[in-house]
Amino acid sequence: MISYDEALRIVLGSAEPLGVEEIPLFESGGRVLYGDAVSDVDMPPFDKSAMDGYACRREDLDLPLEIVEEIPAGKQPVKEIHGGECSRIMTGAEVPRGADVVVMVEDTEVREGLVHVRRKSAARNICFRAEDTAAGDTVLSGGTIIGAAEAGVLA
C-alpha cells in the first residue's frame, strides 16, 4: 500500500487540463467559465430614471414647472431642461440634460398644465451611468460555475 501523499502525487502528475470550447450561452449551465468575463458596456448605459415622475432641476422645485416633453423608456430625450421646466419621464428612461432630480409622480400635482411639487425628498431617483458596472470591469472570474444568475450576467 502507498501513502496518501504518494497517491496524490501520482494522480496530480497524471491529470491534464480539460480542453477549452466555445459554446452557445443557452448550453452553458453547469459549465465552468474558462477566463474572466469583462463587461464591454456601461450599465446602465446612461443616467436613467429610477421611477415615473418629472425630471427637473432641484433648484426649481418651489416653482410651477412647464412640461416640455414626455420621455417613455426607450426614447431619447430631445429637449434640455432649463429653469422652470421639467420632462414627464417613465422608469428606465434616459434623464434629459439639465435635470438633476426626478420627482416621483406621487409627490406632484398638475394644475392648469403646470407641475407643482407637493413633497420634496433628498433622493435624486436617478440611476447614474456605469453605476452598476463600467466597461472594462470584470463581472465573472474564470473558474466560476455557470448557473442561471451567471448566464444572465454573461448575456
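Structure report, in brief.

Rules of the game
Per chain, the residues get numbers from 1 upward, laid out in the order the sequence is written. Only residues with pLDDT of 70 or above have their local features reported here, since the model is predicted, and side-chain atom pairs are shown and tallied only from 80 upward, although totals for entire chains, interfaces and linings are computed over all residues. With hydrogens and water excluded, all non-hydrogen atoms of the structure serve as input to the side-chain values. By definition, two strands form a pair when at least two bridges between them are found by DSSP. Each helix is a run of DSSP H or I of at least 4 residues and each strand a run of E of at least 2, with the numbering of both proceeding from the N terminus. Identification of polar contacts relies on pairs of N or O atoms within 3.5 Å, with a donor-acceptor requirement for protein atoms, meaning one able to donate a hydrogen and the other able to accept it, and with residues adjacent in sequence counted only if both atoms are side-chain atoms. Throughout, nonpolar core names a set of buried Ala, Val, Leu, Ile, Met, Phe, Trp, Tyr and Cys residues whose side chains join them through atoms within 4.5 Å. Remark: exposure states derive from per-residue accessible area (1.4 Å probe, protein chains only) relative to the maximum for the residue type, with buried under 20%, exposed over 50%, and partly exposed in between. Residue contacts are counted whenever heavy atoms from the two residues lie within 4.5 Å of one another. Put simply, a salt bridge is a Lys or Arg side-chain nitrogen that is within 4 Å of an Asp or Glu carboxyl oxygen.

Sheet topology note: the strand E4 (residues 65–71)/strand E8 (residues 114–117) ladder contains two bridges and is antiparallel. Across the sheet, the residue bridging to Glu-66 is Leu-114, located in E8. Two strands pair when backbone bridges link them, and E4 and strand E5 (residues 85–89) are joined in this way by five bridges, in the parallel orientation. Directly across from Glu-70, in E5, lies its bridge partner Arg-88.

Tracing the chain through its elements places Ser-39 in the loop between strand E1 (37–38) and strand E2 (48–49). For Ser-39, the side chain forms a polar contact with the main-chain oxygen of Val-41, separated by 2.6 Å.

Once that is clear, we can look at the nonpolar core. Core analysis: the biggest nonpolar cluster contains ten residues, these being Ala-55, Val-68, Ile-71, Ile-81, Ile-89, Ala-93, Val-95, Ala-99, Val-102 and Ile-126. The contacts of Ala-99, once residues within four sequence positions are left out, are Ala-55, Cys-56 and Ile-81. The next biggest cluster of nonpolar side chains, apart from the first, holds nine residues, and it includes Tyr-54, Cys-56, Leu-61 and Val-103.

According to the stated counting rule, one finds ten salt bridges in the structure shown. As a salt-bridge pair, Asp-60 and Arg-57 come within 2.9 Å of each other at their nearest N and O atoms. Given a relative accessible area of 4%, Asp-60 falls into the buried group. Residues Glu-69 and Lys-75 are paired through a salt bridge, measuring 3.8 Å at the closest nitrogen-oxygen approach. With a relative accessible area of 36%, Lys-75 lands in the partly exposed category.

Trans peptide bonds make up the majority, and among non-glycine residues the majority have a negative phi. Looking along the chain, the bond that leaves Met-43 and enters Pro-44 is cis, with omega of -5°. Here Pro-44 shows up in the loop between E1 and E2. Although it is not a glycine, Glu-112 sits at a positive phi angle of roughly 50°. Considering the arrangement of structural elements, one finds Glu-112 in the loop between strand E7 (108–111) and E8. In this model, Ala-130 sits at a positive phi of 65°, which is unusual for a non-glycine residue.

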